[in-house]
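Architecture at a glance
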Amino acid sequence: MARSVPIKSADELALSRRAAQLAAEVLHMIEPHVVPGVSTEELDRICHDHIVNVQGAVPANVGYLGYPKTILTSVNQVVCHGIPSHDKILKKGDIVNIDVAVIKDGWYGDTSRMYFVGAPSTLARRLVETTYEALCAGIRQVRPGATLGDVGHAIQTVAQRERFSVVREYCGHGIGQIYHDVPNVLHYGQRGTGLTLEAGMVFTIEPMLNAGGRETKELADGWTVVTKDRSLSAQWEHMVAVTPEGYEVLTAWPGGTGSYAPI
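For clarity, every value in this text was computed on a predicted model and none was experimentally measured.

1. Thoughts on the overall build of the chain
From N to C terminus, the chain includes four helices and 15 strands. By the compact-globule yardstick of 18 Å for 263 residues, the chain fits well, its C-alpha radius of gyration being 17 Å. In terms of overall dimensions, the chain has C-alpha extents of about 45 × 45 × 40 Å along its principal axes. Scored against the burial criterion, the 263 residues of the chain give a buried share of 55%. Accessible area for the chain stands at about 11000 Å²; split by element, carbon and sulfur atoms hold 52% of it. Here the chain contributes 23 positively and 28 negatively charged side chains, and the mean placements of these two sets differ by 6 Å.

2. Quick look at the sheet that holds strand S3 (residues 78-80)
The three strands are arranged S3-S12-S11 in an open sheet whose pairing can be described as antiparallel. Of all the strands in the sheet, just S3 and strand S11 (216-218) have a single pairing partner and so form its edges. Pairs of neighbouring strands in the sheet enclose a mean axial angle of 40°, with direction left out of account. Taken together, the two bridges between S3 and strand S12 (residues 225-227) define a ladder with antiparallel strand orientation. Bridged to Val78 within S12 is Val226.

3. Observations concerning the nonpolar core
Counting residues in each nonpolar core, the largest one holds 36 residues, and the members touching the most others are Val128, Tyr132, Val142, Leu197, Phe203, Ile205 and Trp236. Sorting the residues of this core by element identifies helix H3 (122-139), helix H4 (148-161), strand S9 (202-205) and strand S14 (238-242) as the ones contributing at least two each. Tallying contributions element by element places H3 first for this core, with nine residues. Excluding residues within four positions of it along the chain, Leu197 makes contact with Val142, Arg143, Pro144, Gly145, Ala146, Thr147, Leu148, Phe203 and Val242.

4. Digging into the packing of helix H1 (residues 10-30) against helix H2 (residues 40-54)
Taken N-terminus to C-terminus, the directions of H1 and H2 make an angle of 135°; their axes are 10 Å apart at the nearest point. Between H1 and H2, the angle falls in the class oblique. In this structure, H1 crosses over H2, and the sense of that crossing is right-handed. For the pair formed by H1 and H2, the contact residues are Glu25, Val26, Met29 and Ile30 on the first element and Leu43, Ile46, Cys47, His50 and Ile51 on the second.

5. Quick notes on the pairing of S9
Residues Val202 and Thr204 line one face of S9 and the alternating positions Phe203 and Ile205 line the opposite face, and both faces are buried. Sheet topology places S9 next to S14; four bridges connect them, and they run antiparallel. Its bridge partner being in S14, Thr204 is matched across the sheet by Met239.

6. As for the packing of aromatic side chains
Applying the stated criterion across every chain yields a total of nine aromatic pairs. With a centroid separation of 5.0 Å and an interplanar angle of 75°, the aromatic rings of Tyr67 and Trp223 are classed as edge-to-face. You can see Tyr67 sitting in the loop between strand S1 (58-59) and strand S2 (71-75) and its partner Trp223 sitting in the loop between S11 and S12, a full 156 residues away along the chain. Considered together, Tyr67 and Trp223 belong to a single accessibility category, that of buried residues. Grouped by ring-pair contacts, the aromatic residues Tyr132, Trp236, Trp253 and Tyr260 constitute a single cluster.

7. A closer look at the layout of surface pockets
The volume enclosed by the largest pocket comes to roughly 460 Å³. Every residue lining the largest pocket is counted, 27 residues in all, and those nearest its centre are Tyr64, His81, Tyr179, His180 and Trp223. Elements that contribute at least two residues to the lining of the largest pocket include exactly S2, strand S4 (95-104), strand S7 (172-174) and strand S8 (181-185). In this structure, the second largest pocket encloses a volume near 300 Å³. Lining of the second largest pocket is provided by 20 residues; of these, Glu31, Arg113, Trp253, Thr257 and Tyr260 occupy positions nearest its centre. Going through the elements one at a time, H1, strand S5 (107-116) and H3 are the ones with two or more residues in the lining of the second largest pocket. Ranked by the residues each element gives to the lining of the second largest pocket, the list is headed by S5, at four residues. Counted by class, the lining of the second largest pocket contains ten nonpolar, six polar and four charged residues.

Criteria and cut-off values
Residues numbered from 1 in each chain as written. Predicted model: local features only at pLDDT ≥ 70, side-chain atom pairs only at ≥ 80, totals over all residues. Heavy atoms only, no water. Helix = DSSP H or I, 4+ residues; strand = E, 2+ residues; numbered from the N terminus. Rg over C-alpha atoms; globule rule 2.2 N^0.38 Å. Buried < 20%, exposed > 50% of the residue type's maximum accessible area, 1.4 Å probe, protein only. Areas by Shrake-Rupley, 256 points an atom, 1.4 Å probe, with all protein chains shown as cover. Lys, Arg positive; Asp, Glu negative; His and termini not counted. Charge placed at Lys NZ, Arg CZ, Asp CG, Glu CD. Pairing = 2+ DSSP bridges. Axes fitted to C-alpha atoms, helices over the stretch in contact; angles between N-to-C directions. Core = buried A, V, L, I, M, F, W, Y, C linked by side-chain atoms within 4.5 Å. Contact = heavy atoms within 4.5 Å. Parallel < 35°, antiparallel > 145°, perpendicular 65-115°, else oblique. Left-handed = near helix turned anticlockwise from the far one by under 90°. Phe/Tyr/Trp six-rings, centres within 6.5 Å; stacked < 30°, edge-to-face > 60°. 1 Å grid on protein atoms, 1.4 Å probe; cavity = no way out; pocket = protein on both sides within 12 Å on 5 of 7 lines; lining within 4 Å. Points joined across faces, edges and corners; volume = space filled by probe spheres on them. Nonpolar A, V, L, I, M, F, W, Y, C, P; charged D, E, K, R; others polar.

No statement about biological role is implied by the geometric values presented.
Next up, the structure:
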């Protein structure tokens, strides 16, 4: 029997929000360190130390299904699940997604965002900005009575407008006291289809768009996923709660959205 989607009480939502805000704060903290010449291993170390020593939280990814690190660092053609390494040195023009999850008082916070390492190419900038726009379009569909198909359709529409492709093998997910819970949140779909949303649901929306084809492949390390055609890929992720009035972005950035449009 399929597990029903949890509906969180106000107290539970507060705990979920706290964990989400800590995850967002990690991505705000690490931004000045994402520069040419830094290794992804060093970024991982900084994030680990901050989560443990400053936040008093637990790095959720360490040991999860055997994953060895605190963050996931997906550079250029890496779609998701890139493993930090001493050998991976960021260079000017790279784009990188950093994905982090923390546990605070038994509740999970999970978010990711893109960073430019120096000045990106025109295509890279357009891909990153379009992926953010797609995320926002999906989030804006969230309200009681809407469906997950509405969310996926909005994301897919933005991607297709720019002739980018939507990765289909990986999706958003419910989250709370379980890291990856129901429902699965697809980033493509048809309006009016799928799960009907109710206030109190919490899940991630985390579209991955490719500059080329949508096909991916997993590397021999069992984690790193790349575009099959080696085209650039970008991803953004927010935790979202369904509220009686619409939605709340739980992983809102501490410093605001900067040059990116507010959601």
